[in-house]
Amino acid sequence: MRRWTLRGATTSYVVGVPDHQQWAQLLAWGPHGVEDGPSNLSPTGRLDFLTEADTEPLEYAVRGVRYANPTELVVSGPAGSDESRPVFVDSVEGNGTLDLIFVDPLTSLRLILHYRMLAQLDVVERWVSIHNDGETELTLHHHDSAAFVVPTDNGAVIRYLWGEWNSEFQQASVSMRRGRFTIDSRQGITGHSYSPFLSVADTRDPAGTTWGVQLAWSGSWQLSADVDTMGQTRIQTGRLPSTLGLTLEAGSSWVSPVAVGACSAEGSDGLARSFHAYQRSLAGERLELTRKVVYNSWYATKFDVRADQQLELARRAVRAGVETFVVDDGWFTGRTDSTSGLGDWEVDPAAFPNGLTAFIADLGDLGLDFGLWVEPESVNPGSELAAKHPEWILRTEDREPLQVRNQLLLDLSREDVAGWIWETLDRLLSSYDISYLKWDANRARLDAGEVRGRDLDGSVVANLYRILERLRTDHPGVFVEGCASGGGRVDLGMAARVDTLWPSDNTAPLDRLRIQRGFLSGYSPHLMSSWVTDEAGTVDGRERSLDFRFHLAMSGGLGIGGDLTNWSDEQLTAAAGHVAQYREIRNVVALGNVYWLGEGTTVGLQYVGADRAVVFLWDTGDLAVRASMPTRARRVPLVGLDPTKNYRVGEEVHPGSYLIRVGVPDPRGGATDSSCWVVTAVD
Ligand code: DGJ
């Protein structure tokens, strides 16, 4: 057996190719040390009724090599057979990278398994490239990016995030002794229904070592966990196979999206920290951009955007300490409601009688940057764009396309459409002093089926990514927020190409806390845009204080979205206090290691930074009984502090040993329903 070891910060990933060279297999994946002895993943005992390939932990199973158990690649050639048997021919090793190359002499298919594990992180990136080196066309029927094998001797606890519009990122789990669990999106967009993220732990130790997989794809995808009888779970992920198959012309190649696997000995929370660190690495230098406090007028004015009323909001936003004023939907010609305007990206002179430049100058006089909302992938049927370019509208030939939110999709697989979207954005960003762009997408690709020979999902996502990347190179000063009817496009592909993501349109306090809890289980706080609004809860309608709402939004990228013309002086002063505190702690929130605290009705979040920690605590219980009975002065223990140091917490100084064992005051039963503590070491 040839073996290769990839080493991360605290975990290792070891693959091998047996002497017969018919596949690659996993030898070990887990905390350092797992690789220091014989592999515990290979089968022992009788193989009477199965092939060896069906029982070994294959890294990437091809139909034709194995039959009974799940496969990641199904490819057919001109002879009509769906079998292929690529054999190992070579390997290429780099700094933290590995390519394993396989060739099937019969179909001339060349399959390369790609790996990358950075020494400072705990994730392994995996993807495949598939090359047709022959002279006749091949068809890919199933084409996962990777499969990850996890030991689950006693069965698997599979954790995942489900949702719908207004209730994204709901945490759920299933336990399985044997069986298959699948989540996906069939909508041409990441989707609200499930997040492309799944984690697995052994049922006997659900809080113990946990493995997780995410897929970097913003189109249709699937992710499944297959719990077998041998005590292991196979996690497969990749783009959703097209119903008609993907055509691979002679001489051409296909590259899958990247699947990212992570393992943590510190359970689900540790796994989240590994993914957060990875997502920060994707942001690179852009992580250093100041995450300015945003005001967004959507909740206050909806489609009724007028310069004078926006400026009135802006004046109040300044009093609250806001730094960037974002005008949402409704600023362009014809956009009186959701039935019209999309596609015609000209500033509406009725909304901005002196022009947008003058409006931005007025904001500048107030000390505010300017941000703008766009939804470039969609078009309303009555727009000028739809009349001028009916051929740009995505549809199945001879069929009427379906309207969703009164709109249609442009066919972003077309180069002319991609070019027009780029030119539209470039024109706006070059003509006006815009420092923040909110890119929305409110229509999933529900209709327009597959057409033989066309990779619609692949070309749409490729063009979307190309435009987002070009925004970064040509307009590096523009901070980009990704949004899709709330959290409909949150994934690693977007995390690498935008600066922040909007997790949900639900901004009500208790609902939002649940949503953010789920979001942070897979995605980093630097990506979590969050606003303080006046909205009532749709799932949990109990009221909470303004402080509660601020602390919730301060635990991500703080924004304000309430109708400030209705806020009292007292509320604006309180807001200014929170914003001032946020500006002091925003880097710890964006970059710190995240730990969940509390128990029962107290929910807490601790962000541990290099020089400080920030703690948020929320009382989620029934406030009606607050202080009506004598109660204990409960406190919430902290984590990640040095027990030998002293720390300042508000007005008090305590040893780290006390804060770790006893902690900071629990808001439960106290005078407020939330708190924010900055914990700083003192000499
Ligand atoms: C959906 C988004 O999630 C909202 O924040 C808002 O921008 C609306 N679209 C505007 O139409």
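Just so you know, these numbers come straight off a predicted model, no measurement behind them.

Trainee: Now, about the overall build of the chain: what can you tell me, with residues and values included?
Mentor: A tally of helices and strands in the chain yields 13 helices and 37 strands. Taken over the C-alpha trace, the chain has a radius of gyration of 26 Å; the compact-globule value for 683 residues is 26 Å, and the two agree within 12%. Once the C-alpha set of the chain is aligned to its principal axes, its extents read approximately 75 × 70 × 40 Å. Relative to its 683 residues, the chain shows a buried fraction of 59%.

Trainee: Talk me through helix α7 (residues 415-431); I want residue IDs and the actual numbers.
Mentor: Taking 1.5 Å per residue as the helical rise, α7 with its 17 residues ought to reach 24 Å, and the 24 Å between its terminal C-alpha atoms agrees with that figure. On the buried face of α7, the contacting elements are β22 (369-374), α6 (384-388), β25 (436-439) and α8 (456-474).

Trainee: A description of the pairing of strand β37 (residues 674-682) should follow, citing residues and the corresponding values.
Mentor: As judged from the seven bridges shared by strand β32 (residues 612-619) and β37, these two strands associate in the antiparallel manner. When the bridges of β37 are listed, F616 appears paired with C676. Sheet topology note: the strand β34 (residues 646-649)/β37 ladder contains four bridges and is antiparallel. For N646, the partnering residue across the bridge sits in β37 and is V682.

Trainee: Please set out the packing of aromatic side chains residue by residue, giving values where relevant.
Mentor: We describe a pair of aromatic rings using the distance from one ring centre to the other and the angle between the two ring planes. Within this structure, the stated rule accounts for 29 aromatic pairs. Taking the centre distance of 5.2 Å and the plane angle of 70° together, the rings of W331 and F332 count as edge-to-face. Taken as a pair, W331 and F332 share a single burial class, namely buried. Here the aromatic rings of Y607 and F616 are separated by 6.0 Å at their centres, their planes lie at 85°, and the arrangement is edge-to-face. Each member of the pair, Y607 as well as F616, is classed as buried. An aromatic cluster is present here, built from Y295, F325, F352, F359 and F370 joined pairwise through their rings. One cation-aromatic arrangement involves K438 over W502; the distance from NZ or CZ to the ring centre is 5.9 Å. Directly above the aromatic system of Y465 lies the positively charged group of R497, at a separation of 3.7 Å from the ring centroid.

Trainee: Account for the nonpolar core, with residues named and values stated.
Mentor: Formed by 171 residues in total, the largest nonpolar core has its most connected members in Y13, L100, I130, W331, F352, F359 and F550. V615, L617, L638 and L641 belong to the second-largest nonpolar core, a separate cluster that totals twelve residues.

Trainee: Got a sec to walk through the side chain of Q236? Specific residues and values, please.
Mentor: Structurally, Q236 is set in strand β16 (residues 232-239). Within polar-contact distance, the side chain of Q236 engages the side chain of E72 at 2.6 Å. Engagement of the side chain of Q236 in a polar contact is seen with the side chain of R180, the distance being 2.8 Å. Residues contacting Q236, with those up to four places away along its chain left out, are P70, T71, E72, D144, A146, A147, R180, Q222, L223 and S224.

Trainee: Tell me about the domain arrangement of the chain, and name the residues and values.
Mentor: Considered domain by domain, the chain is made up of domain 1 (2-284), domain 2 (289-590) and domain 3 (612-682). Here the C-alpha centre of domain 3 lies 35 Å away from the C-alpha centre of domain 2. Each partner contributes residues to the interface: domain 2 has 17 residues there, and domain 3 has 14 residues. In total, domain 2 and domain 3 occlude about 1300 Å² of area from one another, counting both sides; carbon and sulfur atoms represent 61% of this. The largest per-residue losses of area from domain 2 upon contact with domain 3 belong to R544, H551 and V588, which jointly make up 36% of the total buried on that side. Viewed at the interface, domain 3 and domain 2 are joined by zero salt bridges. Joining domain 2 to domain 3, the criterion identifies nine residue pairs in polar contact (both at pLDDT 80 or more). Residue assignment for the side of domain 2 that touches domain 3 shows that the elements contributing at least two residues are α10 (509-520), α11 (546-554) and α12 (569-591). Looking at the side of domain 2 that touches domain 3, its residues break down into eight nonpolar, four polar and five charged.

Trainee: Give a description of the sheet that holds strand β21 (residues 324-327) that names residues and reports values.
Mentor: Consider a sheet: its strands pair through backbone hydrogen bonds, and that pairing is either parallel or antiparallel. The eight strands lie next to each other as β27-β26-β25-β22-β21-β20-β29-β28, forming an open sheet whose pairing is parallel. Looking at strand neighbours, the two that pair on one side only are β27 (500-501) and β28 (529-532), the edges of this open sheet. Both β22 and β25 contribute to a ladder of four bridges, which runs parallel. The residue bridging G371 from the neighbouring strand is Y436, located in β25. Against the sheet, helix α5 (residues 356-365) engages β21 and β22, with an angle of about 135° to β22. Where α11 meets the sheet, its contacts fall on β28 and β29 (557-560), and the angle it forms with β28 comes to roughly 165°.

Trainee: Please give an account of the site of the ligand that cites residues and values.
Mentor: Lining the immediate environment of the ligand, one finds 13 residues, of which D328, D329, K438, D440 and D505 sit closest. Between an oxygen atom of the ligand and a side-chain N or O atom of W373, the distance comes to 3.1 Å. Note that an oxygen atom of the ligand is positioned 2.5 Å from one of the side-chain N or O atoms of D505.

Trainee: Break down the pattern of salt bridges for me, citing the residues and quoting the values.
Mentor: Under the defined criterion, the tally for this structure stands at 37 salt bridges. The shortest N-O distance in the salt bridge between E312 and R315 comes to 3.0 Å. Residue E312 and its partner R315 are both found in helix α4 (residues 307-319); the two are separated by three residues, about one turn of the helix. One salt bridge connects E323 with R586, and the closest N-O pair in it is separated by 2.8 Å. With E323 in the loop between α4 and β21 and R586 in helix α12, the pair connects residues that are 263 residues apart, well separated along the chain.

The rules behind each value
- Along each chain, residues carry numbers from 1 onward, in the same order as the chain's sequence is written.
- Totals for whole chains, interfaces and linings use all residues, but because this is a predicted model, local features are given only for residues with pLDDT of at least 70 and pairs of side-chain atoms are given and counted only at 80 or more.
- Water and hydrogen atoms play no part in the side-chain values, which are based on all heavy atoms of the structure.
- Helix and strand assignments come from DSSP, with helices taken as H or I runs of at least 4 residues and strands as E runs of at least 2, each series counted from the N terminus.
- Throughout, radius of gyration means the C-alpha value; the globule benchmark is 2.2 Å times the number of residues raised to the power 0.38.
- Any residue under 20% of the maximum accessible area for its type is buried, any over 50% is exposed, and the rest in between are partly exposed; the area is computed with a 1.4 Å probe on protein chains only.
- For a helix, the expected span equals 1.5 Å multiplied by the residue count minus one.
- Contacts: residue pairs with any heavy atoms within 4.5 Å of one another.
- A pair of strands is labelled paired if DSSP reports no fewer than 2 bridges between them.
- Stacked, tilted and edge-to-face are the three classes applied to pairs of Phe, Tyr and Trp rings, where Trp contributes its six-membered ring and a pair requires centres within 6.5 Å; stacked means planes under 30 degrees apart, edge-to-face means over 60, and tilted covers the rest.
- Charge-over-ring placement is defined geometrically: NZ (Lys) or CZ (Arg) within 6 Å of the ring centre, and within 35 degrees of the ring normal.
- In this text, buried Ala, Val, Leu, Ile, Met, Phe, Trp, Tyr and Cys residues form a nonpolar core when linked through side-chain atoms within 4.5 Å.
- Side-chain atoms alone can form a polar contact between residues adjacent in sequence; in general such a contact is a pair of N or O atoms within 3.5 Å, and within protein one must be able to donate a hydrogen while the other accepts it.
- The split into domains, and so the bounds of each, comes from an automatic or database assignment of domains.
- When two parts are put together, the accessible area they lose, computed with a 1.4 Å probe and summed over both, is reported as buried area.
- Here, a salt bridge means any side-chain nitrogen of Lys or Arg that lies within 4 Å of a carboxyl oxygen of Asp or Glu.
- Note on residue classes: Ala, Val, Leu, Ile, Met, Phe, Trp, Tyr, Cys and Pro are nonpolar, Asp, Glu, Lys and Arg are charged, and everything else, Gly too, is polar.
- Note on definitions: angles span 0 to 180 degrees between N-to-C directions of axes, and those axes are lines fitted to C-alpha atoms, for helices only across the stretch in contact.
- Nearness of a residue to a molecule or strand requires only that one of the residue's heavy atoms be within 4 Å of it.

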